[in-house]
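# Structural description and commentary
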Amino acid sequence: EPPKIRLPRHLKQTYTRRVGETVNLVIPFQGKPRAKVSWQKNGSPIDKNDINIRNTENDTIIFIRKAERGHSGEYDMKVEVENLVDKATIDIQIVVEPTPRSLVILAVDVWEVQGAGGELTLCVCAFQEWFTVIEHYHRTSATINELVIGNEYYFRVFAENMCGLSEDATMTKESALIAKDGKVYKYPVYDDFDFSERPLFTQPLVNTFAVAGYNATLNCSVRGNPKPKITWMKNKVLIMNDPRYRMFSNQGVCTLEIRKPSPYDGGTYTCRAVNELGEAEVDCKLEVRGKG
């Protein structure tokens, strides 16, 4: 009977265990006369004082009483009957709970944030609200698009594996600042900064021409802390509960959508931003022209 390894389904993908857990794998096989079984780890013989392997006529058992990170690797199994051979590989990964010390923030350039270790979740803060911009990002670098020029952003990075979620790695005392010259500097520790700011429009409204019967949008961007309250006006009259208008505000970008406008909808539109520190306004003119 030729040799045949019957690798269990759960061992055909990466087999993951936490540090300190027991690894006990039973892999059945067939082959007559009695097959010869051999093991290697990462291409080298296995240290039997560290990893216990027991073979019977029908299966082989690999046993690790208390797993450590060093037990991670590719385990190659070979079953031989005379001049016939069957092989299989088991990928074992021993993981430990991520910590902020395993993450390093790299200031490589203005638009790039990097971390190391685990799956990454990158969050961005605008107006004291956190938004996830990248989740389960398997590489160690991230490029962030669609940031509004003039607004300020703060970033946090988390690592996550089967042990759980790390604390955030927001430029802590353990973080390092790496300049483009390759030198590593300790990131300085600063006193808490007061991020309070009165509303400021970083992108104004723009005079717009619309075609009657086709939706029109007005856009601007604002920053401020605490988060400003946004209101819209037409000819200095507050727009409220009018189904022809839809208002959006997302990460500082303010949008007014005018549904199927008519020439009557033309006029001066104002966006007002207010918080406890002050207020700001921007205006634009909308002209609605007939079709054709």
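Residues numbered from 1 in each chain as written. Predicted model: local features only at pLDDT ≥ 70, side-chain atom pairs only at ≥ 80, totals over all residues. Heavy atoms only, no water.

Under the convention used in this document: UniProt positions are given in the numbering used here, feature names are shortened, and annotations may be inferred rather than shown by experiment.
With an unreviewed UniProt entry as reference, the chain is termed MYPC1 protein, source organism Oxylabes madagascariensis. According to its UniProt record, the chain has this under Sequence similarities (unreviewed entry): "Belongs to the immunoglobulin superfamily. MyBP family."

### A short note on the environment of Ile-62
Formally: Only DSSP runs of H or I covering at least 4 residues are called helices, and only runs of E covering at least 2 are called strands; the numbering of each starts at the N terminus. Only protein chains enter the accessibility calculation, which uses a 1.4 Å probe; a residue whose area is less than 20% of its type maximum is buried, one above 50% is exposed, and one in between is partly exposed. We call two residues in contact when some of their heavy atoms are within 4.5 Å.
Counting through the fold element by element, Ile-62 comes out in strand β7 (residues 59-64). By relative accessible area, which is 1% here, Ile-62 ends up buried. Sequence separation of Ile-62 and Asn-52 is 10 residues, and the distance between their C-alpha atoms is 5.9 Å. Each residue touching Ile-62, except ones within four places of it in the same chain, is listed here: Val-23, Asn-24, Leu-25, Ile-27, Ile-51, Asn-52, Ile-53 and Tyr-75.

### Digging into the sheet that holds strand β24 (residues 245-250)
Formally: The pairing criterion for strands is at least two bridges between them, as found by DSSP. For helices, the fitted axis covers only the stretch in contact; all axes are lines through C-alpha atoms, and the angles between them, taken along N-to-C directions, range from 0 to 180 degrees.
With respect to topology, 4 strands assemble into an open sheet ordered β19-β21-β25-β24, the strand pairing being antiparallel. The open sheet has two edge strands, β19 (197-203) and β24, and neither has a second partner. Across the sheet, the axes of successive neighbouring strands diverge by a mean angle of 25°, strand direction being ignored. As paired strands, strand β21 (residues 216-225) and strand β25 (residues 253-258) are joined by 6 bridges and run antiparallel to one another. Within β25, the position partnered with Thr-217 by the bridge is Glu-257.

### Overview of the sheet that holds strand β4 (residues 36-41)
As summarised here, the arrangement of the 5 strands in space is β2-β9-β8-β4-β5, forming an open sheet in which the pairing is mixed. If you trace the sheet from one side to the other, it starts and ends with β2 (15-18) and β5 (44-45), each paired once. Bridge count for β4 against strand β8 (residues 73-81) is 6 bridges, and the pairing is antiparallel. The residue of β8 that forms the bridge with Lys-36 is Glu-80.

### Looking at the environment of Val-288
You can see Val-288 is positioned in strand β27 (residues 278-289). Take Val-288: its relative accessible area is 10%, and that puts it in the buried class. Along the chain, Val-288 and Pro-261 lie 27 residues apart, while their C-alpha atoms are 7.0 Å from each other.

### Thoughts on the side chain of Ser-221
Quick reminder of the rule: Pairs of N or O atoms are called polar contacts if they sit within 3.5 Å, as long as, within protein, a hydrogen donor faces a hydrogen acceptor (for residues adjacent in sequence, only side-chain-to-side-chain pairs).
With respect to the helices and strands, Ser-221 occurs in strand β21. With a relative accessible area of 3%, Ser-221 lands in the buried category. Within polar-contact distance, the side chain of Ser-221 engages the side chain of Thr-202 at 2.7 Å.

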